[in-house]
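# Coordinate inspection notes
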Amino acid sequence: MVSKFSHLVELSALLVVLAASSVGGTPQPIYSAVPIHASLAPNGTVCYHFALDPNTTREVVYWPAAKLHVRLTPCTGTPHLRASVHGCPSDGHVVNFEFQNTKSRNDMLAKNMTVAPMWEWMGDTETLSLDVTHRNFYIEVTQFHPPMRTNDTKRDLSRRLRNKKFDKQADVVDDMIYKGVFGREEAAQLRALQEMVMPVANYELVVHLHDNKEFPDLQLTPLASEPGFNRNIELVDPGVLSAEDPLYGAYIIAWYPPTWSAPTSTNASDSNSTANNTARTGTTTRLVENEQENLPHHHRRLLSMHDQGTKDVTWGQVEDLLSGEPWAMEQLSAARSLLSPEDVIFYAHPGAANAGRASEPKLTGRQLHSLKLTDPEHPEHRQTVAQEKQRIKALDEVDEKLAALASHPDFEDAVRRGTEDFEERKLAVFLLNNPRLARRSALTTRAISNSSSSANSTAPGTFRELTLKEKAERPIVDEELEYLVYWVDITRFVQDRWGVIQDGLLNDYTRLFDFNSSKGFYCKEESEDGLCGIHQLIARQEFDRLDKLGNGDGRLQRQELYAEFPPDGNAAFKKDWDWDKAVDYGKSKMMGGSGLAMRAWEEAFGGSQELFDSSFKDPLLRNYWTVCGLNGSSTPLVLSGNISRDAGRFEWLGHKSFDKDDKGRVMRGIKGLADDDNNVYIVNVVVRHTMTKEQVAYKPHVLQRRSPIYESAETSGPQQMAIIYAAIGSAAGIVAIFVAAVVYSKSRKSRPKLRIVQTGPTGPLLAKM
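Below is a summary of the structure that appears in this document.

Quick notes on the rules
Residues numbered from 1 in each chain as written. Predicted model: local features only at pLDDT ≥ 70, side-chain atom pairs only at ≥ 80, totals over all residues. Heavy atoms only, no water. Pairing = 2+ DSSP bridges. Helix = DSSP H or I, 4+ residues; strand = E, 2+ residues; numbered from the N terminus. Polar contact = N/O pair within 3.5 Å; in protein donor to acceptor, adjacent residues only side chain to side chain. Axes fitted to C-alpha atoms, helices over the stretch in contact; angles between N-to-C directions. Left-handed = near helix turned anticlockwise from the far one by under 90°. Contact = heavy atoms within 4.5 Å. Nonpolar A, V, L, I, M, F, W, Y, C, P; charged D, E, K, R; others polar. Parallel < 35°, antiparallel > 145°, perpendicular 65-115°, else oblique. Phe/Tyr/Trp six-rings, centres within 6.5 Å; stacked < 30°, edge-to-face > 60°. Buried < 20%, exposed > 50% of the residue type's maximum accessible area, 1.4 Å probe, protein only. Lys NZ or Arg CZ within 6 Å of the ring centre and 35° of its normal. Disulfide = S-S within 2.5 Å.

### Considering the sheet that holds strand 3 (residues 45–51)
- If you walk across this open sheet you meet the five strands as 1-3-8-5-6, and the pairing is mixed. Because the sheet does not close on itself, it has two edges, and the strands there are strand 1 (28–29) and strand 6 (97–98).
- In the sheet, strand 5 (residues 79–84) pairs with strand 8 (residues 136–143) via six bridges, with the strands oriented antiparallel. Following the sheet pairing, S84 is matched in strand 8 by Y138.

### A few points about the side chain of D661
- As for its placement among the helices and strands, D661 is situated in the loop between strand 17 (659–660) and strand 18 (666–670).
- One polar contact links D661 to R665, side chain to side chain, over a distance of 2.7 Å.

### Brief notes about the packing of helix 6 (residues 167–179) against helix 7 (residues 184–197)
- Running from amino to carboxyl end, helix 6 crosses helix 7 at an angle of 145 degrees, the nearest separation of the two axes being 11 Å. For the pair helix 6 and helix 7, the crossing hand works out as left-handed. Along its contact with helix 6, which presents Q169, V172, V173 and M176, the element helix 7 presents E186, Q189, L190, L193 and M196.
- Tallied by class, residues from the contact of helix 6 with helix 7 come to six nonpolar, two polar and one charged.

### Here's the deal with the side chain of Q704
- Here Q704 is to be found in strand 21 (residues 701–705).
- Within the structure, the side chain of Q704 is placed 3.0 Å from the backbone oxygen of R511, a separation counted as a polar contact.
- With residues near it in sequence (within four places) discarded, Q704 still touches T510, R511, L512, F513, N678, N679 and V680.

### A short note on the packing of helix 5 (residues 151–163) against helix 7
- The geometry of helix 5 relative to helix 7 is characterised by a closest axis approach of 10 Å and an angle of 45 degrees between their N-to-C directions. Here helix 5 lies oblique to helix 7, going by the angle between them. Helix 5 and helix 7 meet at a crossing whose hand is left-handed. Contact with helix 5, carried on its side by K154, L157, R160 and L161, involves L190, L193, Q194, M196 and V197 of helix 7 and no other residues of that element.
- Broken down by class, the residue content of the contact of helix 5 with helix 7 amounts to six nonpolar, one polar and two charged.

### Regarding the environment of Y251
- Its location among the elements puts Y251 in strand 11 (residues 251–255).
- Here the alpha-carbon distance between Y251 and V236, two residues 15 residues apart in the chain, equals 8.0 Å.
- The residues contacting Y251, other than those within four sequence positions of it, are L235, R668, G669, I670, L673, H701, L703 and R705.
- Within the structure, the side chain of Y251 is placed 2.9 Å from the side chain of H701, a separation counted as a polar contact.

### Re the packing of aromatic side chains
- The full count for this structure, using the stated rule, is 18 aromatic pairs.
- Where F99 meets W121, the ring centres are 5.9 Å apart and the plane angle is 75 degrees; that geometry is what we call edge-to-face. Pair noted here: F99 is in the loop between strand 6 and helix 3 (102–110) and W121 is in helix 4 (residues 118–121), with a separation of 22 residues, a long-range link. Like W121, F99 is buried.
- Their ring planes at 55 degrees and their centres at 5.8 Å tell us that W255 and Y483 sit as a pair that is tilted. Placement of W255 in strand 11 and of Y483 in strand 12 (residues 481–489) is noted, with a sequence separation of 228 residues between them.
- Taking NZ or CZ as reference, R497 lies 4.1 Å from the ring centre of W498, over its face.

### A short note on the pairing of strand 3
- Across two bridges, strand 1 lies against strand 3 in parallel orientation. Looking across to strand 3, one finds that P29 is bridged to H49.
- Relative to strand 8, strand 3 is paired through seven bridges, and the arrangement is antiparallel. Across the sheet, T45 pairs through a bridge with T142, a residue of strand 8.

### Overview of the sheet that holds strand 9 (residues 201–211)
- As summarised here, the arrangement of the four strands in space is 2-9-4-7, forming an open sheet in which the pairing is antiparallel. Either end of the sheet is taken by a strand with one partner, and the two such strands are strand 2 (36–40) and strand 7 (126–131). Ignoring which end each strand starts from, the neighbouring axes of this sheet average 25 degrees apart.
- Bridge analysis of strand 2 against strand 9 gives five bridges, and the strand direction is antiparallel.

### Description of the state of the cysteines
- Tallied over the full model, the rule gives three disulfides.
- The disulfide bridge from C75 ends at C628, spanning 2.1 Å between sulfur atoms. Across the S-S bond linking C75 and C628, the dihedral sits near -105 degrees, which makes this disulfide left-handed. Here the residue C75 occupies a position in strand 4 (residues 66–76), and C628 occupies one in helix 22 (residues 627–633), the gap between them amounting to 553 residues.
- Its relative accessible area of 15% is what places C75 among the buried residues.
- By relative accessible area, C628 is classed as partly exposed at 23%.

Take a look at the structure:
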């Protein structure tokens, strides 16, 4: 018994390793609610195949709104979603669905709908909600290459190549810009050059097959979809603090918990809108009340099957884990040929082959199956007994075939590779508490969740994952939420992207976000007026770009703004500014000539914020807006709140560990932020639900610590004249002292000198004055 149990544990460890196998030439199978974690080279593509087995198909055709929800979460790089019902798009099949594809964006623009700019969604979470009109879906993940249609995008590529020391390749891009030639050959060449600066993409991909009418896709991620969830992180001004205050010298941030509700409700469907929690509560209550009465049979099974009996493992998981390992194909084929349709069990709808009928609504699928086996009077008793014998025999033969894997020379190495990822203790405890499932567990890599009839009956220490229904119905309360703050220093990135400025001693500093002053920091080669901030630099760059699109005379004409800022060009200006006001400002500063001078444009331009934000959300460098991205690129804040690279001392904290302000926001002080180089940091927060295990990242918060440098005091009027008089008096006094010293040295009587004229053996014999 011990050896058999040990064999099951080793086999499960092997299957975990196989899940991370590299892609092959054929599509990889993917199954509902089974996440896939994978990597993708800059020029790589991975195709996944989602197929409906016969039993699931018979179930799905009765759903009013069958949907396949696909969610791709990037950790690094720019993974991108597209799908087809005919075959893998990379094999030449037509693309039926693509996230943010050109056609859908153009359709939205034609309908005057808001279209998100590319920088907002590139490298961020992508989703597809597909109508289940076919039995096969081919979901493909590829790396998104930003289009190189303008000289600005090419210059950005050249800059990235030079930052990575690819100077020759950057020269090729610069030469393309100079020649102004851009055809198919150049496009292919630019794509290859892009891949030189693109990182390997790491991502999580998960699909859910569900009835969108009875189980909306928002319930798949209940915490992220909580109505009124405001994910903004804000700076808190603590006022004047004494040196004894714990927050003295700290940078204080604040964020709203998911449970926060604004006084009024406006839009419950927007995750960042202000809304209360009554809509979700009411919906959940209605679902619970009507579950056994009015909901269709397939929905009752979805919502309650896990609570009524133990969920079987899926053969689909075995297919997923073994199909990518060439040396296991022989055993896999033999095992696959033995399985009957009764053993192909849909993951989100367990017991599809043995489900209760509409005529017997009080019996679950497992209870009905048990009744057929034990009741000789049941009309299907004999047939069920025969099928069960065949099923058990087939599964025993499957176990035999899979056991043959242990004799393969690669088996021990595979087990060793999987040891770190396999939760051996959880599986052992589970199997000990559920011995009747020990034989079946050889077919799965996961500790089988939902093994008991209810949450309260789970044995102490037994691993149990909540069902989708339980996660959706569980209320979001502060007591079950924990938070973790992350930070990352991006000072060097800001320098590489936006350059440096100097102080009065010509020391280099990171460029400030916004600096419009004539003292402290300087950029004389760029602006004599001290417009040295990033926002001011963006304004100058946009001026040059727009001027080159026109006549290039060093002045912006009104018609040059029409194409970029339709319909009248006024969208380019700050609030309460327009073309006429900008021109009047130029005239008031004695900037003659027709059109708009650069200095007037710098003052009036209002489009720098979007360009500023897009420069910080750069997935080609790092990802700090998804949970897995933060885990890979950022450092958790330790308990003390001090900036420390030692991440071993961090801890998830509940809401009682934080102070709250009068707005209901959670506050956290961050200490030890450097300020020796106008340092720039990204701060973000992740909230997790301790019961559903769902984690959600807030929106990144960018901060800059301005360096303290010496700045001369401003003087004017009588104060300025007093300083001048004092300086003149000091100089005159020094000159008078010097002249007096010279006169005194010339007029004083010389002191007699003694001269030795003859020296004896013991010293001087004769001296003369």
